[in-house]
Amino acid sequence: MDAQISAKKFWGLTGYQWTCILYIAVAVFCWQLKYFRHIDNNYIIFRTSYYHFKDHVNLYLLYPKEYYDVYIYGPLFTVFIAPLSLMPESWGFFFWEVGNAAAFLWAIHLLPFNNRAKTAILLLCAIEFANSSHYMQFNPIIAAIIIGSFMLMQHEKLKYATLLTVAGTLMKIYPIVGLAFFFFSKHKVRYILWSAFWLILFLILPAIISGPEFLMQTYKDWFAALTSKNLTNQSLTTGFDWCMMGAVRRAFQDSSIPNWPFLLIGAASVIGALARVKQYNSLKFRLQLMCSLLIMVVVFSTASEHPTFIIATAGVVIYIMMQPKPFTTFNIIMLVLLLVVTGLGPSDAFPKPARIWMQNHAIKAYIPSIMWFKIAWELLFNDFRGQVIPVLKGEVA
């Protein structure tokens, strides 16, 4: 199949290669649109975090003279962004946008599927990638970290799999779900040792910028900021809380509905799936758990907003494309709604009254939530042994 696909070229490139170029082109377009119009606020937040940290300034306060909104990532992010912060703003911003695209492309390329399936995955995720790139967000890299850590674990490259999981967690919490991949490793002691090594290293690494005392204070400030933001996110009208519990809160117009029953359901589903040890030999089971986790970090997070959904969309699309019959009537309906409602819903593709209604009811979270329930149910009750993935590129243990 790959040979047939690669034979069909346009101007010397395959469809898969053109799709990769599309992602880079979207990133470059968003860069020039935002930078030359001076509407690059989110990147300014990221860039400035390095200088604030270096100058012992609290990262998590409001700085209206520099930017609006607040910084919410961990101290390690300042090390990650430092090379771009030290560049001229235009070049740093350029590499930020292109780097997010490159990271997501790398992760999809790692998947053990043929190029036709990878092309379909990229095309179906393109709207959400454009959303995230438009808002200059870190989310394509977060999706890449989760997918990449899974695929590296598949090949027992535990040094790098744990590096991604630990570093990602210390920057934006979400990649902590990658710890679930520990159960699929054949060398669990090595996994634990490497995780401990990276944890110690990355906890203290930011001290090279700030010194140890301010680093310790920053960890306290980060915890306080996350706690406070989780509470303020739970509103009935803001662009946050676009998650499963947020949708329920808005449906009942009751902001006091707690998170814990939903989080308990999510945790129970993962624990229940991981308890099915006999299913571990199935690649489809392992990949489907990865898809579940990609969706979970979005639909169970009060911090979920419009550009966050590239992570969940990747989980939904990968799940659908690895099915024996990916384009069933149900899947087609879900894909259309995923593209039109989830992807374009909060954008100018819809009139303003419709956008406001969608925001006020967290409609963006509906389709990923429905797909998560389907995936979780199958993980708990389906027998994956002997099931094949038609789009596999080759045999994968």
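Residues numbered from 1 in each chain as written. Predicted model: local features only at pLDDT ≥ 70, side-chain atom pairs only at ≥ 80, totals over all residues. Heavy atoms only, no water.

1. Considering the overall build of the protein chain
- When helices and strands are tallied, the protein chain shows 18 helices and 2 strands.
- The C-alpha atoms of the protein chain give 21 Å as radius of gyration, which agrees with the globular expectation for 397 residues (21 Å, within 12%).
- Reported as C-alpha extents along the three principal axes, the dimensions of the protein chain are approximately 55 × 55 × 55 Å.
- Expressed as a percentage of its 397 residues, the buried residues of the protein chain come to 56%.
- Long-range contacts, defined here as pairs at least 24 residues apart, represent 74% of the contacts in the protein chain between residues at least 6 apart.
- Per element, the accessible surface of the protein chain, about 17,700 Å² overall, is 70% carbon and sulfur.
- Considering the protein chain, the positive charge centre built from 30 side chains and the negative charge centre built from 18 side chains are found 10 Å apart. (Helix = DSSP H or I, 4+ residues; strand = E, 2+ residues; numbered from the N terminus. Rg over C-alpha atoms; globule rule 2.2 N^0.38 Å. Buried < 20%, exposed > 50% of the residue type's maximum accessible area, 1.4 Å probe, protein only. Contact = heavy atoms within 4.5 Å. Areas by Shrake-Rupley, 256 points an atom, 1.4 Å probe, with all protein chains shown as cover. Lys, Arg positive; Asp, Glu negative; His and termini not counted. Charge placed at Lys NZ, Arg CZ, Asp CG, Glu CD.)

2. Here's the deal with the nonpolar core
- Core analysis: the biggest nonpolar cluster contains 129 residues, and W96, L111, F113, M290, I311 and I318 have the highest contact counts within it.
- Top contributing element to this core by residue count: helix α14 (residues 283-299), with 13 residues.
- Discounting residues that sit within four places of it in the chain, L111 has contacts with K118, I121, I147, M151, L287, M290 and I318. (Core = buried A, V, L, I, M, F, W, Y, C linked by side-chain atoms within 4.5 Å.)

3. Thoughts on the packing of aromatic side chains
- Considering all chains together, one arrives at 41 aromatic pairs under this definition.
- Relative to F94, the ring of W31 has its centre 5.1 Å away and its plane inclined at 85°; by these criteria the two rings are edge-to-face. Of this pair, W31 sits in helix α2 (residues 15-35) while F94 sits in helix α5 (residues 89-110), and the two are 63 residues apart along the sequence.
- Accessibility expressed as a relative area gives 16% for W31, which makes it buried.
- Judged by centre distance (5.1 Å) and plane angle (70°), the ring pair of F150 and F181 falls under edge-to-face. With F150 in helix α7 (residues 139-154) and F181 in the loop between α8 (158-172) and α9 (188-204), this residue pair connects regions lying 31 residues apart in the sequence.
- Since its relative accessible area comes to 0%, F150 is described here as buried.
- Assessed through its relative accessible area of 1%, F181 is described here as buried.
- Ring pairs connect the aromatic residues Y43, F46, Y60, Y71, Y73, F77, F80, F93, W96 and F138, which therefore count as one cluster.
- Sitting above the plane of the F182 ring, K188 keeps its charged end 5.8 Å from the centroid. (Phe/Tyr/Trp six-rings, centres within 6.5 Å; stacked < 30°, edge-to-face > 60°. Lys NZ or Arg CZ within 6 Å of the ring centre and 35° of its normal.)

4. A look at helix α4 (residues 76-85)
- Counting buried positions over the 10 residues of α4 gives 8, a clear majority of the element.
- Restricting attention to buried positions, one finds in α4 the residues L76, F77, T78, V79, I81, A82, L84 and S85.
- Residues of α4 that are buried in the fold lie against α3 (41-54), α5, α8, α9 and α10 (207-210).

5. Quick notes on the packing of α5 against α7
- Put simply, α5 and α7 touch, their axes get as near as 8 Å, and they point 25° apart. Considering their axes alone, α5 and α7 lie roughly parallel with respect to each other. Crossing geometry of α5 relative to α7 is assigned as left-handed. Facing G99, N100, A103, F104, W106, A107, I108 and L110 of α5, the residues of α7 in contact are N139, P140, I141, A143, A144, I147, G148, M151 and L152.
- Here the residues of the contact of α5 with α7 are counted per class, giving 13 nonpolar, 4 polar and no charged. (Axes fitted to C-alpha atoms, helices over the stretch in contact; angles between N-to-C directions. Parallel < 35°, antiparallel > 145°, perpendicular 65-115°, else oblique. Left-handed = near helix turned anticlockwise from the far one by under 90°. Nonpolar A, V, L, I, M, F, W, Y, C, P; charged D, E, K, R; others polar.)

6. Some remarks on the environment of P258
- Looking at the element boundaries, P258 is found in the loop between α12 (244-252) and α13 (260-274).
- Separated by 91 residues in the primary sequence, P258 and A349 have C-alpha atoms spaced 33 Å apart.

7. Observations concerning α7
- Compared with an ideal rise of 1.5 Å per residue, which puts 16 residues at 22 Å, α7 spans 23 Å between its outermost C-alpha atoms and is within 8% of the ideal.
- With 16 of its 16 residues buried, α7 lies for the most part within the structure.
- E156 sits one or two positions beyond α7 and adopts a positive phi of about 55°. (Expected span 1.5 Å × (residues − 1).)

8. Looking at the packing of helix α6 (residues 115-134) against helix α16 (residues 329-343)
- At a minimum axis separation of 10 Å, α6 and α16 run at an interaxial angle of 15°. By the angle between their axes, α6 is roughly parallel relative to α16. With respect to the hand of their crossing, α6 and α16 are arranged in left-handed fashion. The segment α6 lies against α16, with L124, I127, E128 and N131 engaging L335, L339, T342 and G343.
- The class makeup of the residues in the contact of α6 with α16 is 4 nonpolar, 3 polar and 1 charged.

Interpretation note: all reported values are geometric properties and have no functional meaning in isolation.
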